[in-house]
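# Notes for the structure review
Here's the letter readout for the chains.
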Amino acid sequence: MTTEVAPETADEADKPAAAPDERVREVSWFDRLLSRPEVGALIALVVVWIGFAIIASDNNFVSMATTAAILNRAAPLGILAVAVSLLMIAGEFDLSIGSLVGFIGMAVMLMVTSSAQGGWALPLLPTLLLTLILALAVGWFNGTLVLQTKLPSFIITLGSLFIFRGLAVAIPRTRTGRSQLGNFDDTPGFGFMDAVFGQKISIFGANFDIAILWWVGITLLLVFVLRRTRVGSWIFGVGGDANAARNVGVPVNRLKTALFMTTAVAAFLVAVLQIVQFNGADSLRGTQQEFNAIIAAVVGGTLLTGGYGSVLGAALGALIFAMVQQGIIITGVDGDWFKVFVGAILVLAVIFNNALRQRAMKR
Amino acid sequence: MSDAPLLELKKVSKYFGSVIALQDVSMFVRAGEVTCLLGDNGAGKSTLIKTLAGVHLPSEGTYYYEGEETLFESPREALNRGIATVYQDLAMVPLMSIWRNFFLGSEPTKKIGPITVYDQAFAKQTTREEMAKMGIDIRDPDQPVGTLSGGERQSVAIARAVFFGAKVLILDEPTAALGVKQAGVVLRYITQARDRGIGVIFITHNPHHAFPVGDHFVILRRGTVMGDFSKDEVSREELVRMMAGGADLDALEHELSTRA
């Protein structure tokens, strides 16, 4: 897909090139679009949607109810994915967020549960405040450990993955003997929590979770941060070449720590959304979401080695993920096949995105 | 051109344990002049650059900057005083656009209501203007730096240093990895920076690159200054000979010719 170039005659080649024009080439809007990191995800989204619309035309894939189901699935993953994409662009991984969703969820429930059942019987507001601080502390701890030890964040947060999943099971088991804590609706203040985090919005008879609005809002916020603020420029710079960024005065360590804390806050938000939605917490909630979030970010055009990527792309990646999941369910294909599809899409997306990026670099 | 040097080293030595990296090195650069620092590998160029840039403190001797005796504790301090060093590896992020690279770490901001945003219009326009002043017409400031040629990258780095108020520009082998034509491009930017009143210290091991742009030439060999010549005192051929250490080169020539 190269731009057509008129064949040069020998005479033309010998002429001294007419200054600045020699160096400028018209780049079509199409080429410009293709050089954006999220364009691969956009194309994949359309292809997957059309594919299911055809395959599952008898199963109402193109319907309000299915659209709602897809978006409801995509929202919690999307919240994690957009935060993770920022961290990945800055050149780090966070594998602990899935466990953190389970851990924070259990922490909230333990705090609000009555002491008769082994809880702390704390009021709602201090509980939320304490668990938010707890999440921030985990993020800070991950970031500080990565930066101080200079070990890959993959290893450090892989450790955190096991630690917090273990704690999410062990602490509630020790205190209450259970790994699921329910009846969040008994907590004073539940009405407010339900309005903010649990509400369903009915459009043409289909129920859309309010989590979708949180997802959209956070995506817009992080798109703004990445593309329109100086911190966004630092994120690209740190991921592209941390030493170069440090040499020109970017606060590399503070920035990375803040991004680890951002992913932890995203996990906190998903934990709270799901507590309200499911009326309680489960030790195993969020299992594998850390990998799904990375998959969404990578499908969305974020480079695994950092320095390149898109928040919007990560959101699209989460949408594709949910669409495939929901599509397989309603098509009636055995759910066991889902992982095969996800793995194939991941590999295809990375190959495709790589080709697009190399094309953009040659432009 | 003023006669007082902008930056001057007097009898500077640098020791690392028992190793003498630099011994009694004296050199200077004036505003609006190019001082070429020539030396083969192992001559002590890197140590001298790092001493100039504030990475190393001299073990002995004095460092004068703008007429005052000075000790820079860090490269950042030297940079804040106007001594910018463009290293070979450039401190550029290849995947980032030219304008983001140009302003990385010193982004211009503007307020939209209560929110502070990156003033991207200003950044793009300034990048284009500053590059134009160096004689480069940027095709597209949104281009990733990785798509630029080596010479163009060097010029972005030089333009950035000049824009952020460098009075002394230290260039570490800016032409080393470049082809003939690209090297010519960079040499032109060096003269452009000089014409804007900046004192340029141009480190190279290539006398053919140094001769056309230099006002005077400091030859470094085995940690000491072999000579400091102004342009009218020395010819290109003499520079080449001194660089390699004349006698060594004669011996080599003899050796090769007898073998053939």
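Please refer to the structure placed before this passage.
Just so it is clear, the structure is predicted and the values come from calculations on it, not from any experiment. (Residues numbered from 1 in each chain as written. Chains lettered and ligands numbered in written order. Predicted model: local features only at pLDDT ≥ 70, side-chain atom pairs only at ≥ 80, totals over all residues. Heavy atoms only, no water.)

### Points about the overall build of chain A
To keep it simple, the criterion reads: In this text, helices come from DSSP runs of H or I with a minimum length of four residues, and strands from runs of E with a minimum of two, each type numbered from the N-terminal end. Type-normalised accessible area, obtained with a 1.4 Å probe on protein chains alone, sets the label of each residue: buried when under 20%, exposed when over 50%, and partly exposed for intermediate values. Throughout, a contact is declared for two residues whenever any of their heavy atoms are within 4.5 Å. Residue burial considers only the protein chains on display, and all accessible areas are found by Shrake-Rupley using a 1.4 Å probe.
Tallying secondary structure elements over chain A gives 15 helices and four strands in all. Over its C-alpha atoms, taken along the principal directions, chain A stretches across nearly 95 × 60 × 35 Å. Residues counted as buried form 50% of the 363 residues belonging to chain A. Sequence separation of 24 or more characterises 77% of the internal contacts of chain A that already satisfy a separation of 6 or more. Accessible surface, chain A as shown: approximately 17200 Å² in total, 66% of it carbon and sulfur.

### Things to note about the packing of helix 9 (residues 211–228) of chain A against helix 10 (residues 230–240) of chain A
Residue and element names in this part refer to chain A. To keep it simple, the criterion reads: Only the contacting stretch of a helix is used when fitting its axis, a line to C-alpha atoms as for every element, and angles between N-to-C directions run 0 to 180 degrees. By definition in this entry, angles of less than 35 degrees are roughly parallel, angles greater than 145 are roughly antiparallel, angles of 65 to 115 are roughly perpendicular, and the rest are oblique. In this classification, Asp, Glu, Lys and Arg are treated as charged, Ala, Val, Leu, Ile, Met, Phe, Trp, Tyr, Cys and Pro as nonpolar, and every other residue, Gly included, as polar.
Their axes nearest at 5 Å, the elements helix 9 and helix 10 cross at an angle of 75°. With respect to helix 10, the axis of helix 9 lies roughly perpendicular. Along the contact surface, helix 9 presents Val 225, Leu 226 and Arg 227, while helix 10 presents Val 231, Gly 232, Ser 233, Ile 235 and Phe 236. Looking at the contact of helix 9 with helix 10, its residues break down into five nonpolar, two polar and one charged.

### Structural notes on the side chain of Glu 38 of chain A
Residues and elements named next belong to chain A. Counted only if it meets this: Distance and chemistry together define a polar contact, namely a pair of N or O atoms within 3.5 Å, with one atom able to donate a hydrogen and the other to accept it when in protein, and with adjacent residues in sequence counting only for side-chain atoms on both sides.
Summarising the element assignment, Glu 38 is placed in the loop between helix 2 (29–34) and helix 3 (39–55). Polar side-chain contacts of Glu 38 include one of 3.0 Å to the side chain of Arg 36. The contacts of Glu 38, once residues within four sequence positions are left out, are Gly 300, Ser 310, Leu 312, Gly 313 and Leu 316.

### Quick look at the sheet that holds strand 4 (residues 60–65) of chain B
All names here are of chain B. Condition: In short, DSSP must find at least two bridges between two strands for them to pair.
Strand order in the open sheet formed by four strands is 2-1-4-5, with antiparallel pairing between adjacent strands. Edge strands, defined here as strands with exactly one partner in the open sheet, are strand 2 (19–29) and strand 5 (68–69). Packed onto the sheet, helix 1 (residues 45–53) meets strand 1 (7–16), strand 2 and strand 4 and runs at close to 60° relative to strand 2.

### Thoughts on the interface of chain A and chain B
Often the size quoted for an interface is simply the accessible area lost on bringing the parts together. This is how the line gets drawn: Two parts placed together each lose some accessible area under a 1.4 Å probe, and the buried area is that loss summed for both. Here, a salt bridge means any Lys or Arg side-chain nitrogen found within 4 Å of an Asp or Glu carboxyl oxygen.
Taken residue by residue, the interface counts 31 residues in chain A and 29 residues in chain B. Around 2300 Å² of area is buried between chain A and chain B when both sides are counted, 55% of it from carbon and sulfur atoms. Run the count over chain A and chain B and you get one salt bridge. One salt bridge in this structure joins Arg 230 of chain A and Glu 107 of chain B, with 3.5 Å as the shortest N-O distance. Elements with a contribution of two residues or more to the side of chain A that touches chain B: helix 9, helix 10, helix 11 (242–247) and helix 15 (338–362) of chain A. When residues of the side of chain A that touches chain B are assigned to their parent elements, the largest contribution, seven residues, is made by helix 10 of chain A. Class assignment of the residues belonging to the side of chain A that touches chain B gives a composition of 14 nonpolar, nine polar and eight charged.

### Overview of the environment of Asn 142 of chain A
Residue and element names in this part refer to chain A. Residue position: Asn 142 is located in helix 6 (residues 124–149). Looking at Asn 142, the relative accessible area reads 1%, which means it is buried. Between the C-alpha atom of Asn 142 and that of Asp 94, which follows or precedes it by 48 residues, the distance is 8.3 Å. Sequence-distant contacts of Asn 142, that is, excluding residues within four places in its chain, are made with Asp 94, Ser 96, Ile 156, Thr 157, Ser 160 and Phe 260. Among the polar contacts made by the side chain of Asn 142, one reaches the side chain of Ser 160 at a distance of 2.6 Å.

### What about the packing of aromatic side chains?
The way to describe two aromatic rings as a pair is by their centre distance and the angle between their planes. Just so we agree on the cut-off: Pairing of aromatic side chains requires ring centres within 6.5 Å, counting the rings of Phe and Tyr and the six-membered ring of Trp. Pairs whose planes differ by under 30 degrees are stacked, by over 60 edge-to-face, and all others tilted. Only lysine NZ and arginine CZ atoms are considered, and such an atom sits over a ring when it is within 6 Å of the ring centre and within 35 degrees of the ring normal.
Overall, the coordinates contain 18 aromatic pairs over all chains when judged by the stated rule. Between Phe 103 of chain B and Phe 163 of chain B, the aromatic rings sit 5.7 Å apart at their centres with planes inclined by 80°, giving edge-to-face as the arrangement. With Phe 103 of chain B in helix 3 (residues 98–103) and Phe 163 of chain B in helix 5 (residues 150–163), this pair connects stretches of sequence that are 60 residues apart. On the basis of an interplanar angle of 80° and a centroid distance of 5.1 Å, the ring pair of Phe 163 of chain B and Phe 164 of chain B is categorised as edge-to-face. Looking at Phe 164 of chain B, the relative accessible area reads 38%, which means it is partly exposed. Members of the aromatic cluster, connected to one another through ring pairs, are Phe 102, Phe 103, Phe 122, Phe 163 and Phe 164 of chain B. Across from the ring centre of Trp 120 of chain A, 4.6 Å away, lies the NZ or CZ of Arg 175 of chain A, which sits over that ring.

### A closer look at the sheet that holds strand 12 (residues 224–230) of chain B
Residues and elements named next belong to chain B. A sheet is described by the order of its strands in space; here six strands give the open sequence 6-9-10-3-11-12, paired in mixed fashion. Since the sheet does not close on itself, it has two edges, and those belong to strand 6 (83–86) and strand 12, each with one partner. Strand after strand, the sheet turns through a mean of 15° between neighbouring axes, direction not considered. Two strands pair when backbone bridges link them, and strand 9 (residues 168–172) and strand 10 (residues 199–204) are joined in this way by five bridges, in the parallel orientation. Paired with Asp 172 across the two strands is Ile 203, which belongs to strand 10. Strands strand 6 and strand 9 of the sheet are contacted by helix 5, whose axis makes an angle of about 170° with strand 6. Contacts from helix 6 (residues 180–195) reach strand 3 (34–39), strand 9 and strand 10 within the one sheet, and its direction differs from that of strand 10 by about 155°.

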